[in-house]
Amino acid sequence: MAGRLKCMCGMAFCMFLLAACEDNSKQKAKTSPRLSYQVLTLAPRTTTIYSDFPATIQGEDVVEIRPMVDGYLEQIYVPEGGTVKKGQLLFRIKNPQYEQAVITAQAAIKSATADVEAAKMDVEKVRPLVEREIVSKYQLSSAQYTLQSKEAALAEAEATLKNAQTNLGYTILRSPQDGVVGAIPYKIGALISNSNTNPLTTLSHITNVYAYFSLNEKQLLSFSNRVEGATLQDKLDHLPMVSLILADGSLYALKGRLQTASGLIATEAGTASLKASFPNPRGIIRSGASAVVRIPRTEYSALIVPQNASYELQNKQFVYTLTKDNKCVSTAITSVPTNDGQFLIVQSGLKPGDRVILGAFNMKDSTVVIPVPANADSLYSNLGTTN
């Protein structure tokens, strides 16, 4: 009996200890201090974001140099990538046939000239005899017709010479414009024909260059809905100047303008082609290069929150906002990041005047916090936004 009493006393003591511990923990919970967090009050701001599109560079005028006659490539007077002036010698094609044709035509002219002179002499010899009625007028007419025939033969020989000289001139190729020489796929001694698939080279006039890029149908519709203008060209004219990112990642110093390149959407790819024109006075950008066209877009009433104020849960994006009584609430948002990735431009879920908690993680809804107002000017200094 005494043992059973001791056991009951022990159990009562344990229950007393547990109750005391529970009361102590509740007391600690009630007296635990609230946490302080920086809180950003949202207000509309103006900012600029960019859309980047891969592009291919082409010169303002790209001309293929193709032979007009057949022959062997005898001389190449310019290097690949060289800068040439209009009229500068580029190539010489060797074909003895055209040289011989000129020599033959020159000889034919000499022969025809001699025939004309002989016919003139016959006319001059017959004319006084006709005047004295020694011979009939028929002989004079015959001599004159012979002269006309010989003069026609001379004219034909002269035309043949000009044609031969023209063909011979085609063996010398000169630059039709100022520009930069492209690749030269043929070597000296190669057989050249006007039916060759590849041109001898291409000339790019690169004082101005075009950066060609594409927009898909969704991007094109978004652009059309967002930008003012009755036509596509009107909309392009309303856009600000665009930038060019070169292949090494550097920003090209001069800005360009957007222009239409094709009024149709390619059915195979579902894209529309646009181009941006850039001045290239120093010839830094070469035809065929790759680059990125950067198009700015200004948001005049954007709600912007720092990237680190958000978190993702089940493929959705959330931020912590504060109620009037300083209780935190998980709020779902949709947004697009700024180009530096440090901020989010909120598209839905927040409104001006909402308070967003900064630097909070794994908080439970309805948790009461002590708000500390964040310095918006300091926070947005790296963004470069203005009220």
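Quick notes on the rules
- Residues numbered from 1 in each chain as written.
- Predicted model: local features only at pLDDT ≥ 70, side-chain atom pairs only at ≥ 80, totals over all residues.
- Heavy atoms only, no water.
- Helix = DSSP H or I, 4+ residues; strand = E, 2+ residues; numbered from the N terminus.
- Buried < 20%, exposed > 50% of the residue type's maximum accessible area, 1.4 Å probe, protein only.
- Contact = heavy atoms within 4.5 Å.
- Areas by Shrake-Rupley, 256 points an atom, 1.4 Å probe, with all protein chains shown as cover.
- Pairing = 2+ DSSP bridges.
- Core = buried A, V, L, I, M, F, W, Y, C linked by side-chain atoms within 4.5 Å.
- Phe/Tyr/Trp six-rings, centres within 6.5 Å; stacked < 30°, edge-to-face > 60°.
- Lys NZ or Arg CZ within 6 Å of the ring centre and 35° of its normal.
- pLDDT = per-residue confidence, 0-100.
- Polar contact = N/O pair within 3.5 Å; in protein donor to acceptor, adjacent residues only side chain to side chain.
- Salt bridge = Lys/Arg side-chain N within 4 Å of Asp/Glu carboxyl O.

On to the overall build of the protein. For the protein, the count of helices and strands is six helices and 19 strands. The buried share of the protein, taken over its 387 residues, is 33%. Considering only residue pairs separated by 6 or more positions, the protein has 73% of its internal contacts joining residues 24 or more positions apart. On the protein, roughly 23800 Å² of surface is accessible, and the fraction owed to carbon and sulfur atoms is 54%.

Another aspect to go through is unusual backbone geometry. Peptide bonds are trans in most cases, and residues, glycine excluded, mostly fall at negative phi. At N326, a residue that is not glycine, the phi angle is positive and equals roughly 65°. Tracing the backbone through its elements, the reader meets N326 in the loop between β15 (316-322) and β16 (328-337). Positive phi values are uncommon outside glycine, yet S366 reaches one of about 80°. Mapped onto the elements, S366 comes out in the loop between β18 (355-357) and β19 (370-373). With a relative accessible area of 48%, S366 lands in the partly exposed category.

Turning our eyes to something else, we now look at the pairing of β16. Pairing geometry for β15 and β16, over six bridges, is antiparallel. Bridging from a neighbouring strand, F318 pairs with A332 of β16. Where β15 hands over to β16, the hairpin turn is made up of five residues, of which N326 adopts a positive phi near 65°. Two successive antiparallel strands, β16 and strand β17 (residues 343-348), enclose a turn made up of five residues, where G341 displays a positive phi of approximately 75°.

With that settled, consider the nonpolar core. Counting residues in each nonpolar core, the largest one holds 26 residues, and the members touching the most others are F213, L244, L258, F278 and V293. Of all the elements in the fold, those that place two or more residues in this core are β2 (45-65), β9 (201-216), α4 (217-226), β12 (271-279) and β13 (290-306). Those residues within four positions of V293 in sequence are excluded, and the remaining contacts are S51, D52, F53, A55, A211, F213, V242, S243, L244 and A276. Ranked by size, the runner-up nonpolar core spans 19 residues in total, among them I304, V319, F343 and A374.

Moving on: the packing of aromatic side chains. If you walk through the whole model with that rule in mind, you get six aromatic pairs. With a centroid separation of 6.2 Å and 70° between ring planes, the pair formed by Y210 and Y212 is classed as edge-to-face. Residue classification places Y210 among the buried residues on the basis of a relative accessible area of 14%. Among the aromatic residues, ring-to-ring pairing joins Y311, F318 and Y320 into one connected group. Here the guanidinium or amino end of K275 rests over the ring plane of Y210, the centre of that ring lying 4.0 Å away. Over the aromatic face of Y50 sits the side chain of R294, whose NZ or CZ is 5.5 Å from the ring centroid.

Right, let's get into the sheet that holds strand β8 (residues 191-192). The strands making up a sheet associate through hydrogen bonds between their backbones, and the pairing can be parallel or antiparallel. One open sheet accounts for four strands, arranged β6-β5-β3-β8; its pairing is antiparallel. Looking along the sheet, the strands with just one partner apiece sit at the ends: β6 (172-174) and β8. Pairing between strand β5 (residues 89-94) and β6: three bridges, direction antiparallel. Within the sheet, the bridge partner assigned to L89 lies in β6 and is R174.

Here we come to the confidence of the model for the protein. When pLDDT is averaged along the protein, the result is 84, and 87% of the positions lie at 70 or above. A low-confidence stretch, residues 25-32 stays under pLDDT 50, and its non-local contacts, those more than four residues away or across chains, total zero contacts.

What follows covers the side chain of S193. Along the polypeptide, S193 turns up in the loop between β8 and β9. At a separation of 2.9 Å, a polar atom in the side chain of S193 contacts the side chain of S195. Beyond its immediate sequence surroundings of up to four residues, S193 is in contact with P67, V69 and D70.

Applying the stated criterion across every chain yields a total of six salt bridges. With a shortest N-O distance of 3.0 Å, R297 and E299 are connected by a salt bridge. On the basis of relative accessibility, which here comes to 24%, the residue E299 falls in the partly exposed class. With a closest N to O distance of 3.1 Å, D354 and K351 form a salt bridge. With relative accessibility at 14%, the residue D354 sits in the buried group.

The next subject is the environment of Y72. Looking at the secondary structure, you find Y72 in strand β3 (residues 71-76). Taking the C-alpha atoms as reference points, Y72 and R92, 20 residues apart in sequence, are found 8.6 Å from one another. Every residue in contact with Y72, bar those within four places of it in the chain, is listed here: R92, I93, K94, G189, A190 and L191.

The next point concerns the environment of I285. Mapped onto the elements, I285 comes out in the loop between β12 and β13. Sequence spacing of I285 and Q58 is 227 residues, and the spatial spacing of their C-alpha atoms is 9.2 Å. Setting aside chain neighbours within four positions, we find I285 in contact with I57, I206, V209, L244, L246, Y252 and N280.

Here we come to the pairing of strand β1 (residues 36-41). One ladder, built from four bridges, connects β1 with β19; its direction is parallel. Bridge assignment links S36 to a residue of β19, and that residue is I370. Across three bridges, the pairing between β1 and β18 is antiparallel. From the neighbouring strand, L40 faces β18, where its bridge partner is V356.

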